[in-house]
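Remarks on the overall topology
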Amino acid sequence: MNKTIGVVVFPGSNCDHDAYHAFKHVMNVNTRFLWHKDRDLEGIDLLVIPGGFSYGDYLRSGAIARFSPIMQAVVNYAEEGRPVLGICNGFQILLEAGLLPGAMLHNEKLRFICKNAWIRVENDQSLFTRSLKQGEVYDIPVSHGEGNYFIDEDGLKELQDHDQILFRYSNRNGEITEEANFNGSVDAIAGICNRRGNVLGMMPHPERAVEKILGSDDGLKILESMLDGLAVS
Amino acid sequence: MYKAKINVTLRKSILDPKGKATYQALRNLGLGEVQDVRIGKRIELDINSKSQSEARKVADEACRKLLANEVMEDYEIELERFENVTG
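Residues numbered from 1 in each chain as written. Chains lettered and ligands numbered in written order. Predicted model: local features only at pLDDT ≥ 70, side-chain atom pairs only at ≥ 80, totals over all residues. Heavy atoms only, no water.

Scanning the model with the defined rule gives 5 aromatic pairs over all chains in all. Ring centres of Y20 of chain A and F33 of chain A lie 4.4 Å apart, and the angle between their planes is 15 degrees; this geometry places the pair in the stacked category. Of this pair, Y20 of chain A sits in helix 1 (residues 16-26) while F33 of chain A sits in strand 2 (residues 30-35), and the two are 13 residues apart along the sequence. A residue is classified by how much of its surface remains accessible, and Y20 of chain A, at 19% relative accessible area, is buried. The class of F33 of chain A is partly exposed, set by a relative accessible area of 30%. Where Y169 of chain A meets F182 of chain A, the ring centres are 4.8 Å apart and the plane angle is 70 degrees; that geometry is what we call edge-to-face. Of this pair, Y169 of chain A sits in strand 9 (residues 165-170) while F182 of chain A sits in the loop between strand 9 and strand 10 (189-193), and the two are 13 residues apart along the sequence. Here the two residues Y169 of chain A and F182 of chain A agree in accessibility, since each one is buried. In this structure, K3 of chain B packs its charged tip against the face of F82 of chain B, placed 5.3 Å from the ring centre. (Phe/Tyr/Trp six-rings, centres within 6.5 Å; stacked < 30°, edge-to-face > 60°. Helix = DSSP H or I, 4+ residues; strand = E, 2+ residues; numbered from the N terminus. Buried < 20%, exposed > 50% of the residue type's maximum accessible area, 1.4 Å probe, protein only. Lys NZ or Arg CZ within 6 Å of the ring centre and 35° of its normal.)

Counting residues at the interface gives 15 residues for chain A, matched by 16 residues for chain B. Of the roughly 1300 Å² buried where chain A meets chain B, counting both sides, 71% is carbon and sulfur surface. There are 1 salt bridge connecting chain A and chain B. In this structure, R60 of chain A engages E73 of chain B in a salt bridge whose closest nitrogen and oxygen atoms are separated by 3.7 Å. Put simply, chain A and chain B have 6 residue pairs in polar contact (both at pLDDT 80 or more) between them. A breakdown of the residues in the side of chain A that touches chain B according to their chemical character gives 8 nonpolar, 3 polar and 4 charged. (Contact = heavy atoms within 4.5 Å. Buried area = accessible area lost by both parts, 1.4 Å probe. Salt bridge = Lys/Arg side-chain N within 4 Å of Asp/Glu carboxyl O. Polar contact = N/O pair within 3.5 Å; in protein donor to acceptor, adjacent residues only side chain to side chain. Nonpolar A, V, L, I, M, F, W, Y, C, P; charged D, E, K, R; others polar.)

The next thing to look at is the sheet that holds strand 10 of chain A. Residues and elements named next belong to chain A. The strand order across the open sheet formed by 9 strands is 2-1-3-4-11-10-9-6-7, and the pairing between neighbours is mixed. One side of each edge strand has no neighbouring strand; the edge strands of this open sheet are strand 2 and strand 7 (137-144). Averaged over all pairs of adjacent strands, the angle between strand axes in this sheet comes to 25 degrees, irrespective of strand direction. Bridge analysis of strand 1 (residues 4-9) against strand 3 (residues 46-49) gives 3 bridges, and the strand direction is parallel. Residue pairing for strand 3: I5 is matched across the bridge by L46. Strands strand 1, strand 2 and strand 3 of the sheet are contacted by helix 1, whose axis makes an angle of about 160 degrees with strand 2. Sheet contacts for helix 3 (residues 89-96): strand 3, strand 4 (84-87), strand 10 and strand 11 (199-202); angle to strand 4, the most-contacted strand, approximately 120 degrees. (Pairing = 2+ DSSP bridges. Axes fitted to C-alpha atoms, helices over the stretch in contact; angles between N-to-C directions.)

Next comes the structure, spelled out in structure tokens:
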């Protein structure tokens, strides 16, 4: 497939190379880095805002990155309906930029949590999840201190009414339990898209689970589904 | 010059895990009188404005656009006039 993935690099990004590796070396897709001072997104078919600690997460996670030069271009890109994927810190940046609704609070139990978690597919009709199956669970690493997704009741209802919740934390059997929702997110939300369906933010790291030798390659299925989405978009 | 002293706190409706942990520690300390703890951040801005209302406008814009995230946080601004001795 002749698509090009762009991975944005902020000072403090640290999953940029993971994302690059997953797309370029494991999936054999054209992939290039974009510096946070770049403004030109020409030729990019999927924009990835990777995880890490952009600008040291000063003030709030993602709050400073939102004002970096590339972000205006990212906002325009998203408003044209082109696909944007924010992972972890990338999700936080998309929230701060107003491209997705809600905000991130500190994990309920305050700890930084780094482990593998199960996530359940809630909607398999979206651009990003069309090759997945609703109700299926995937074993994906999480690694965050501020991943406790918050949105008010009206906002949650809107997400539900428009099928914008793509992933929720569950247990291995696909049950949504209090224990499985380890960070305290509203409605156990792990990933959402915007109303238009072209911007996805998720806390779990599919790009860190693309090779069996690293413990799980479930992330590959998620990333492949995103590429399938590009092929038809 | 005006100094804006800004307090950013989590909205009342939102559980404040840091405040809750600190509350528990204060209770453990024997300070049973403490009924609630909320933790926020304080930010100070030096603003070069001619009038207090102008300075408030600047501080308010700073809060709305960057310093606070109104999805989850409230802010309060206190202004104080001062002479800029360093010129």
